[in-house]
Structures are given as structure tokens and as C-alpha cells.
Amino acid sequence: MDIANVNPVALTALAIGLIGLVCGAALALAARFLAVHEDPRIGQVADILPGANCGGCAYAGCADYAKAIVLNDAAINLCAPGGQEVLDKLCAFLGKTAEAAEKKTAIVLCGGDSGKAPRRFAYNGVADCAAAQAVHGGDKRCGYGCLGYGSCARICPAGAIEIANGLAKVHKNLCIGCGACVKACPRTLIQMIPVSRTIHVLCRSRDKGPVVKKACSVGCIGCTRCAKIADDGQIAMDGPLAVVDYAKPFDNEEAVEKCPTHCIVRA
Amino acid sequence: MKTITAPYRIEGGVHPAYRKELARERAILAMPPPGLVRISMAQHLGAPAKPLVKKGDTVLRGQRIGEPGGFVSAAAHASVSGTVQAVGPAPTASGALAMAVDIESDGNDTSLEPGPRHDNWAELDAKTLIGLVADAGIVGMGGAGFPTHVKLSPPPDKTIDTLIVNGAECEPFLTADDRLMREQADGIWTGISILRHILGARSVRVAIEDNKPEALKAMERAMAGAEGDVTLIVLPASYPQGAEKQQIYGITGRETPSGGLPMDVGCLVENVGTCLAVRDAIVNGRPLTERVTTVTGDPVAEPGNILNRIGTLYSDLIAFCGGLRSPATKIVSGGPMMGFAQGSLESATAKTTSGLLALAPDQAPVYESLPCIACGRCVRACPMTLLPCELSQALEAEDYELADAFHVMDCIECGCCAFVCPARRPLVQHMRGGKARIALKRREAMQNNKEKG
Ligand code: SF4
Ligand code: SF4
Ligand code: SF4
Ligand code: SF4
């Protein structure tokens, strides 16, 4: 048969068909002989995890954490968003027991919104806290307070951070406790604390009282009154700043009431 | 000695309004020592200096008050006589906090006995002279502040054959180097000769932009009798002609490799002010305690080139120039292209403060930045032949790997891209932020590797 006489369309179809067949066979063989057998439990554990991929467990995502649980015997109580429910399911599935870590929430330790803590100059650049910080140390007069350009809010997978009036605020009910925001803040204002704690010193300024007063109307001026009320170290002075020790339970309205600048709040 | 035009043309660049007429005809004016000086321990690149004095100490002008904090570091000296009022963190021109020594002047301006004069420098060896330069706390006075004695001590496998002296002063508004060359050409030439002797450099190139005809003439006169391969280079005025890598290319045609230093291509670049400081240190035995700063801008009542004590507060400097006669919306330390916008006037002059610029409201408008329209103007303007548009978008998306692959680390932050961008994108701010982030990541990776062994 003279190849030139064959219909070119048919020839093309035949050629492509043949290539397809050969490749298909190769793939089928590869799937059979080169298959990687994954522990089926990894997939099942991953299904139990909430799939938030927040990274709060310090693994690269839920699937990675599942792998670590099954293969490396990682602790099973690291998933903050999952809470007790996921922990129970994991215990049942893996036949293990584990204490739930207390649920944590993020808190922004600054109360100086635009009305209370004035700005030194008008910043007109990239809307990012690290970028603003790099321009002459940030536009806020207080060198420690929240800049309000929302780097934390942008990274939060749960949409739990709201920027209102130039100040970031975490909504406790939405926060899944992943901790991603902590690293995002160039002024290290965000801390992870047990959700049950309700009394906070919303200030991180290490300036002395008179300097704080000029920069913010709700800053800690280091008067030490609160530390005297919370005299078991629940609130302790760290230099000129009162700091809550979140490991020690404390709930005394007096501390809130006696703070002259109202930087201690119940929330 | 001969005079030629720069043989090579740099890539990109822009032509901003130079506005040098505000201060160029004002002769250098010495400002009397202010009541208080604030001397930062971080006036240079590298490790900050360590303060040697404490509150209450009395010091004399020229006394060493900060010792180098490492090899790449520089000493600091008191610029007035008086009492140390405080030692503590204070914002530098960039806004970062660094240790600073506040000295309250006693008004007598008593100097420490100057060190020995070395008129015989030609007979001294390089090591001795480099030691004297280090003792005087000299750093690059053009703006970057790299410690000069470190530059003068290249590792043994690098040879420097060409000493380039930078008198380009391509930043708009600034005229301090121009005045220095017009008024002190001989001193600068002595400094250059000392540097040439230290390096044993075969060739000397003094580069000045063609918009400074008087400075060109003055330097030509001072260099007339020079022997050997000495050339005065006339650069066509264009920004950033005075940037190190661009200048090396424009004069020698050598391209500094990515991430490399001038010494990798056998060059060393020093600013004219630095050369004068070297002369003062070696010949007069005086450490670096003063410099010329151009105080300028339309709102400044009496713009001028002010010889001020290092550590003079910006507020005092502006007051010495008659204050502001009209409102200023922006005050910039340095020039308008690469300087640092100030949040207040509390910072003080440093060894690197070439200018203090006040801008009127219409010169620093508040604008909204828009998405990139892909016009490519920034690409044409970039003297480092980068792709600023791509880089800024990668950085906005926090894709640091892509930005690194596109060589954001080679960005010299000259500002040409942002200057031409019709969408008013804050390109340089993106680059600065991205470079800082990538540098941090690299450091962390290095730390991790070290810990792993
Ligand atoms: S607020 Fe912080 S800790 Fe809470 S979910 Fe958002 S990023 Fe995670
Ligand atoms: S808490 Fe930190 S990251 Fe969040 S807006 Fe304030 S300064 Fe920015
Ligand atoms: S700032 Fe950087 S990217 Fe922009 S033009 Fe200059 S070197 Fe190029
Ligand atoms: S100049 Fe501005 S708008 Fe044009 S390509 Fe560059 S970044 Fe985009």
C-alpha cells in the first residue's frame, strides 16, 4: 500500500490513537509497579482534622499534621481550631488518650485607637504594618502601639481580626487560636492567651510614665496600683510596664477600677 | 593630568529638576556649636559603636566617646566640649533606634590636643595610615557610611588599581560637595593623594557632573601638577550618576557583579567629603567631628551649606538657617531621591548627613497609588536593569522567592522607578521592605544551618 494514497485524516487519527494506546499502557504499568503505598490512616486522620490549614499546630497544614500523627507519633492535642470535638474523635480513632490543651485566643495588647493615641505624621505609603514601621519608626507617636495597617488581619485565616479606628481587635468568638497573627505583627503586640482569662493590661509601652502620657491617653504609666492589688504576681511590674501573668488565674474588678488611665480592661 | 568626558553611558536614569540654585551660590558657613549635640553610635554601616562615656562625664571636643563595636564599625568623637547629659536610645535619621550620647555644650568649645601632624604621610606605610583613618572615625560621607578604614583594607586576593573620587553629587537640591570642591579643592586633592598612596592605586579618576563648572575648574587647578594616570572625568548630569556601581561603569566600563563590591572589579569609590576628612585626620591630626550639610528647600528662609558639628539637632540646624518662612509638609534627611522622610526634628546630623530638605505642600502631594498599567517606564528608568513593576507585584503578593530570583537584592533604592511611575506605585518602599525580609530569611537560614552543624 502506498502511504501517500491513504487519507491524511485517517492517518493522523491512527497515529494519535496509537500514541495514546502506548502512553496509556505505560501509565497503567507505572501505576501498578511504581505506586507509593500510603498508610490509609493518614487520609482518615486528615479527614477528622478540621481542614483549616492554619498552621497553628506548627505543621505545614492539616495533611502534614495527620502524617506526623500517624507516622511520627506526634502529640494529638495540637489542633486549636478542632478543640475538644476533634480531640475526642482522634482519641477514639487512634485508641489514645490525651488531655485537651486549654483553648487559646489571640489578644492585641494595645488600646490606643486613633482618638486616644495620636499620630506623629501623615503616613502615605504601603498599607502594611512592617512597611509603616520602616518609615521613621512608624507614624504613631507611641513607639510600641498598634499601627493599625492590618498585617495581622490579612494573615488571619478566620477573619477574626477587625481594624477599627486605627486599632486591631481580635474577636474571641471567631479566633481559632492558630497563632498566625502573632508573627505578623512587627510590634509584637499579639499574644496567645487562655480564652478563660478576662482581665488584661492593654499596653506594651516600655516608655516611662510622662512619655506615655504624651503619646496615649490609655497607656500604662507604671503607677504600680494594679500590681499591689494583684499581689500574687498575677499582674507584675516589668520595669515601667504592668504585665499580666496569664498562667495565674485572676479576676478582681478592683484592678480594672483603680487603673488611673483605664488601660486595664475586662474583655 | 587630563580632563575627559565619561567614556561609558549608564543604563536608565532620570532627569529630575535639580533645584541646586537655591544653595549653590551660598559659601560654606560655620555654625557655632549648638547647646546640645546628640551623637549617634550608629552613624555607619556595620556594628554600632559602644559608648565609652556615662552621664555626668565631662568631655572635650575630639575626645573619643564611642569605640568600634566590631571590625566593620567606626569610632565616634565628641563634637563639642561639655557634659554628657544622657546615654540612651534615640532615633537616627532612618527612624531606627540606636544608642546616642547627648552632650550639653559648656560654650567654651575646648578641643582635645590634636593628634600629631603627619605632613610626611608619603613616608608612612599603608598600615599606619589606615590606623590613623580608623582612629579618626572616618566613614563614607556621601550617604552610605561605610567605614573607610575597612574599604582601605581589601582582602589580599583583591587588588585595587583605580581610585574613583565621587564629586558627582547627582541628588537634586544638594550642593555641599559642590561648595567643598570650590572652596577646598587643595585639601581634597591632598586627601586623594593620601588615599592613592595607601592603596598604591595606579589610576585616579575624579568624577564631577557637568552642571558644576566652577567645581570642575577648581579641581582641575588643584590637580594640575599631578603625576601619573590621573584624570578628571566630566559626567553628563543625570541621576543616579553618583551611585557607586553606575559611576564605576561610567568611568571604567567595568560591571560590578550581582551582590559584589567595587573591589571585585578593582575599584574603590570615595566621596570628596571623605577625602577632605582623611586629609584632616592625617595632616592635622583631627578626628571627624563636623561636616557640611546643605539645608535647603523653598520653605527654608536662608538656604545654605552649613558646616555643623556632628550631632546638631535638625531643629537647631533649621533655626540657624532662619527657620521656615512658609509651611513645609515634608522634611527629608538627605536628598529628595534617596533621603529619609523625618517624623520629627529630633534627629541629629550624622557623618553621613549631606542635606536637610524642606518641601512645600505642593512639592510633596499626597497621592493615591493605583495598580500597575504595565507601561514599562520603570524598566527603562532602572539603572540596575531590573524589572521594578514585576518586583513590586511579586512583593505585594509576598512572593519573596520570585522577587529574589528577579534580583530585588540588586536594587540600589535610587528611586528612579517610583519617580517615573504614572500609577504612582510606591515601588521603592516595596523594594526596601522586600530586601529587608529576604535578608532576614537568609540570616535565619544561615542560623539554622549553623545549628544543624
Ligand atoms: S486572630 Fe490570630 S490566632 Fe486567632 S485565628 Fe486569627 S490569626 Fe489565628
Ligand atoms: S496588631 Fe500589629 S500587625 Fe495588627 S494592625 Fe496592629 S501593629 Fe499591625
Ligand atoms: S529603586 Fe531599585 S528597582 Fe527602582 S529604579 Fe532604582 S534600582 Fe531599579
Ligand atoms: S512605571 Fe508603574 S505603571 Fe508603569 S510598568 Fe512600572 S510599575 Fe507599572
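To be clear, the structure that these remarks concern was listed above.
Please read all numbers here as calculations on a predicted model, not as lab measurements. (Residues numbered from 1 in each chain as written. Chains lettered and ligands numbered in written order. Predicted model: local features only at pLDDT ≥ 70, side-chain atom pairs only at ≥ 80, totals over all residues. Heavy atoms only, no water.)

All names here are of chain B. Read across the open sheet, the four strands follow the order β3-β9-β8-β5; overall the sheet is antiparallel. Each having just a single partner strand, β3 (36-40) and β5 (58-59) make up the two edges of the open sheet. Note that β3 and strand β9 (residues 97-105) share five bridges and pair antiparallel. In the sheet register, V37 faces β9, and the bridge partner there is I103. (Pairing = 2+ DSSP bridges. Helix = DSSP H or I, 4+ residues; strand = E, 2+ residues; numbered from the N terminus.)

Before going further, it helps to examine the packing of helix α2 (residues 40-48) of chain A against helix α4 (residues 83-94) of chain A. All names here are of chain A. It is the contact of α2 with α4, at a shortest axis distance of 10 Å, that shows an interaxial angle of 160°. Accordingly, the angle class assigned to the pair α2 and α4 is roughly antiparallel. Judged by the twist between their axes, the crossing of α2 over α4 is right-handed. Residues R41, Q44, V45 and I48 of α2 form the contact with α4, whose participating residues are V86, K89, L90, F93 and L94. Within the contact of α2 with α4, the residues separate by chemical class into six nonpolar, one polar and two charged. (Axes fitted to C-alpha atoms, helices over the stretch in contact; angles between N-to-C directions. Parallel < 35°, antiparallel > 145°, perpendicular 65-115°, else oblique. Left-handed = near helix turned anticlockwise from the far one by under 90°. Contact = heavy atoms within 4.5 Å. Nonpolar A, V, L, I, M, F, W, Y, C, P; charged D, E, K, R; others polar.)

Residue and element names in this part refer to chain B. In the structure shown here, the tally under the stated rule is 40 salt bridges over all chains. For R309, the salt bridge is made with E290, and the minimal N-O distance between the two is 3.8 Å. Remark: E290 occurs in strand β14 (residues 290-296) and R309 occurs in strand β15 (residues 304-309); sequence separation between them is 19 residues. The closest approach of N and O atoms between R442 and D404, which form a salt bridge, is 2.9 Å. Of the two residues, R442 sits in helix α12 (residues 427-452) while D404 sits in helix α10 (residues 400-405), which places them 38 residues apart along the sequence. Given a relative accessible area of 43%, R442 falls into the partly exposed group. Several salt bridges share partner residues, and in doing so they unite R24, E25, D178, R182 and E214 into one network. (Salt bridge = Lys/Arg side-chain N within 4 Å of Asp/Glu carboxyl O. Buried < 20%, exposed > 50% of the residue type's maximum accessible area, 1.4 Å probe, protein only.)

Bringing the side chain of S205(A) into the picture now. Residue and element names in this part refer to chain A. As for its position among the elements, S205 is in the loop between β5 (199-201) and α8 (209-215). At 3.2 Å, the side chain of S205 and the backbone nitrogen of D207 are in polar contact. Contact partners of S205, with chain neighbours within four places excluded, come to C142, Y144, V212 and L241. (Polar contact = N/O pair within 3.5 Å; in protein donor to acceptor, adjacent residues only side chain to side chain.)

What follows covers α2(A). Note that an α-helix has 3.6 residues per turn; residues three or four places apart therefore point the same way. Residues and elements named next belong to chain A. Along α2, the residues classified as buried are I42, V45 and I48. All buried residues of α2 project into a common sector of 120° when viewed along the axis, lining one side. Exposed residues pointing more than 90 degrees away from the buried face of α2 are listed as P40 and D47. Packing partners of the buried residues in α2 comprise α3 (62-72) and α4. You can read the cap of α2 off the contacts: a side-chain oxygen lies 2.9 Å from the backbone nitrogen of R41, and it is on D39. (Arc of directions from axis to C-beta.)

A few words now on the interface of chain B and chain A. Interfaces are frequently sized by the accessible area removed from exposure as the parts join. On the side of chain A, 12 residues touch chain B, which itself brings 16 residues to the contact. A buried area of about 920 Å², summed over both sides, lies between chain B and chain A, and 49% of it is on carbon and sulfur atoms. Three residues stand out in chain B for area buried against chain A, namely G95(B), G343(B) and Q429(B), and they jointly supply 45% of the buried area on that side. At the boundary of chain B and chain A, one finds zero salt bridges. Sort the elements by how many residues they give to the side of chain B that touches chain A and α12(B) lands first, with three residues. (Buried area = accessible area lost by both parts, 1.4 Å probe.)

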